[in-house]
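Breakdown of the fold
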Amino acid sequence: DAGVIQSPRHEVTEMGQEVTLRCKLISGHNSLFWYRQTMMRGLELLIYFNNNVPIDDSGMPEDRFSAKMPNASFSTLKIQPSEPRDSAVYFCASSLAYGEQGTGGYTFGSGTRLTVV
Amino acid sequence: DQQVKQNSPSLSVQEGRISILNCDYTNSMFDYFLWYKKYPAEGPTFLISISSIKDKNEDGRFTVFLNKSAKHLSLHIVPSQPGDSAVYFCAAQTEEGSARQLTFGSGTQLTVLP
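Cut-offs used in this document
Residue positions are given per chain, counting from 1 as you read along its sequence in written order. Chains carry letters from A onward and ligands carry numbers from 1 onward, assigned in written order. Two thresholds apply to this predicted model, a pLDDT of at least 70 for residue-level local features and 80 or more for giving and counting side-chain atom pairs, whereas whole-chain, interface and lining totals are computed over all residues. Think of the side-chain values as coming from all heavy atoms in the structure, minus any hydrogens and water. Whether a residue is buried, partly exposed or exposed follows from its accessible area with a 1.4 Å probe, protein chains only, as a fraction of its type maximum: under 20%, in between, or over 50%, in that order. The helix count covers DSSP runs of H or I at least four residues long, the strand count covers runs of E at least two residues long, and both are numbered beginning at the N terminus. Should DSSP find at least two bridges between two strands, the strands are taken to pair. Criterion for a disulfide: a pair of cysteine sulfur atoms within 2.5 Å.

1. Overview of the pairing of strand β8 (residues 72-77) of chain B
Where a strand is regular, its side chains alternate between the two sheet faces. Residues and elements named next belong to chain B. With five of six residues buried, β8 is to be regarded as a mostly interior element. Bridge count for strand β3 (residues 19-25) against β8 is six bridges, and the pairing is antiparallel. Along β8, the bridge assignment pairs Ser 19 with Ile 77. Looking at chain direction, strand β7 (residues 62-67) and β8 are connected through six bridges and run antiparallel. Pairing of Phe 62 across the sheet is with Ile 77, part of β8.

Right under this line is the structure:
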């Protein structure tokens with residue numbers, strides 16, 4: 001099992017450009033979470049999906065952010081247009097929807113470090 | 001409004017000594033608590049957890065204590081080793097809808113000095 005795979009690992013882009021972050025879930029997992037890590041706020045939940053359906057997107061900072069799950073194993077997080085304050089590390093994690101309580105059933109990817117200049 | 005708070009952004013401990021990382025929460029609906037460990041350039045990995053029906057859970061050098069009345073939990077690492085140097089995230093879990101959502105604290109950078 002290759003784990004949760006995120007791409008790219010690093011992204012440097014100019015303000016105003018569109019950025020797309022990608023995530024491949026672990027086979028058999030059906031919940032997908034996008035988190036953003038910043039120094040000030042730690043790990044913030046942006047959005048999560050269950051069985052490809054967005055359940056809660058209240059953490060998405062602005063309309064510039066959008067996320068999709070076109071199929072059960074893949075998700076994208078898009079920022080358009082990007083701004084310098086979007087610079088952060090973005091993680092996705094997958095789990096079983098009714099994961100055994102407290103096993104830490106979330107598996108995180110290695111993250112995408114986004115820098116918007 | 002942060003529901004899970006780690007008020008110490010950093011902690012330094014001598015090798016062999018005890019490391020104590022603290023976490024406070026505000027939501028009484030949280031029923032499970034977890035600690036994750038994160039090395040640079042890697043995603044967080046699960047370390048240890050505790051159910052709200054318990055007050056202590058131990059796994060080797062790691063012990064998590066839960067004080068429900070104070071809405072406080074702590075992670076003890078004894079003895080601390082240089083390889084324990086990492087960012088530690090406290091997380092709390094509640095069953096909402098159809099997924100067990102995790103809420104994380106802001107993390108504590110632990111440095112274990114040789």
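2. Concerning the state of the cysteines
Every disulfide links exactly two cysteines, by a covalent bond between their sulfur atoms. Residue and element names in this part refer to chain B. By the definition in use, this model includes two disulfides over all chains. Between the sulfur atoms of Cys 23 and its disulfide partner Cys 90 the distance amounts to 2.0 Å. On the sign convention where negative is left-handed, the bridge of Cys 23 and Cys 90, at about -70° about the S-S bond, is left-handed. One end of the pair, Cys 23, is in strand β3; the other, Cys 90, is in strand β9 (residues 86-96), with 67 residues separating them in the sequence. Given the relative accessible area of 0%, Cys 90 is considered buried.

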